[in-house]
Amino acid sequence: MARLYINKEIVADKEKYLNWYLTGDDGMSFSDIQYFMDWMDPNDDKIEVEIHSCGGDCVEGYAIYDALRASGKEISCKVVGKCASMATVVLLAAPLERRTMYEHAQMLIHAPYFPDGIGGSLTVSKLQALAAELTKEKTKMVNLYVERTGKTVEELEAQMATDAWFDVNKAIELGF
């Protein structure tokens, strides 16, 4: 069994240096997962993922989720600290029976957002385009949550709207 540690912010390769400059941590990207899988013994059919990440870039998070699911390996995921935002999507790469969480770990799900300071001139049409993009991303995320947790859109969106951390009991209740 190979053990994969996702214990950094999920970032695109091109953002790693900026992330390191701002936070002192370079982050984890899809290419890091590719390197990990290339490193694995081809006869090893199990990957145990330990997650302690506040999430990050949506595109990278979905790429990591897809790569794990497409690997043909038995995926297990364990939340060992914090699991928030796109890290929750990575958690869902494992089937329900192989998702675990330490007693004192915490999770957070929320609607996608653009970080402050998106820059440039924000015209009405640009704001409408950004709103449409965020709505599309939220729908994609909620649909994945529904598919992998078995909960309803309403239940998951209600939790997302709280923007609050929750414990293992709530994670179980929500199907994570």
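Residues numbered from 1 in each chain as written. Predicted model: local features only at pLDDT ≥ 70, side-chain atom pairs only at ≥ 80, totals over all residues. Heavy atoms only, no water.

### Quick notes on the pattern of salt bridges
Basically, it comes down to this: Definition used for salt bridges: Asp or Glu carboxyl oxygen within 4 Å of a side-chain nitrogen of Lys or Arg. Runs of E in the DSSP output that reach at least two residues are strands. Runs of H or I that reach at least four are helices, and both are numbered from the N terminus. Relative accessibility thresholds used throughout: buried, under 20% of the residue-type maximum; exposed, over 50%; partly exposed, between the two (1.4 Å probe, protein chains only).
Taken as a whole, this structure holds 8 salt bridges when the rule is applied. Where Asp26 meets Lys8, a salt bridge forms, and the shortest distance between an N and an O atom there is 3.0 Å. Separated by 18 residues along the polypeptide, Asp26 in the loop between helix 1 (16-23) and helix 2 (30-39) and Lys8 in the loop between strand 1 (2-6) and helix 1 bring together distant segments of the chain. On the basis of relative accessible area, Asp26 is assigned to the partly exposed category, the value being 28%. Ionic pairing is found between Glu173 and Lys170, a salt bridge with its closest N-O pair at 3.1 Å. Taken together, the residues span about one helical turn, with Glu173 and Lys170 both in helix 7 (residues 168-173) at a distance of 3 residues.

### Brief notes about the side chain of Ser31
Our working rule: We call two N or O atoms a polar contact when they sit within 3.5 Å, provided that within protein one can donate a hydrogen and the other can accept it, with sequence-adjacent residues counted only if both atoms are side-chain atoms.
Here Ser31 shows up in helix 2. By relative accessible area, which is 9% here, Ser31 ends up buried. At 3.0 Å, the side chain of Ser31 and the side chain of Ser29 are in polar contact.

### Quick notes on the nonpolar core
Considering soluble globular proteins, one finds that nonpolar side chains tend to be buried as a cluster. What counts here: Here the nonpolar core consists of buried residues drawn from Ala, Val, Leu, Ile, Met, Phe, Trp, Tyr and Cys, with membership extended through side-chain atoms lying within 4.5 Å. Every residue pair with non-hydrogen atoms within 4.5 Å of one another is taken to be in contact.
Val49, Leu68, Tyr145 and Phe176 are the most contacted members of the largest nonpolar core, which has 42 residues in total. Examining the composition of this core, we find that 5 residues originate from one element, helix 4 (residues 86-91), more than from any other. Setting aside anything within four residues of it in sequence, one finds Tyr145 in contact with Ser85, Thr88, Val89, Leu92, Ile109, Gly150, Leu156, Met160 and Phe176.

### Examining unusual backbone geometry
Backbone geometry at Ser85 places phi at a positive 55 degrees, although glycine is not the residue there. Tracing the sequence through the fold places Ser85 in the loop between strand 3 (74-84) and helix 4. By relative accessible area, Ser85 is classed as buried at 12%.

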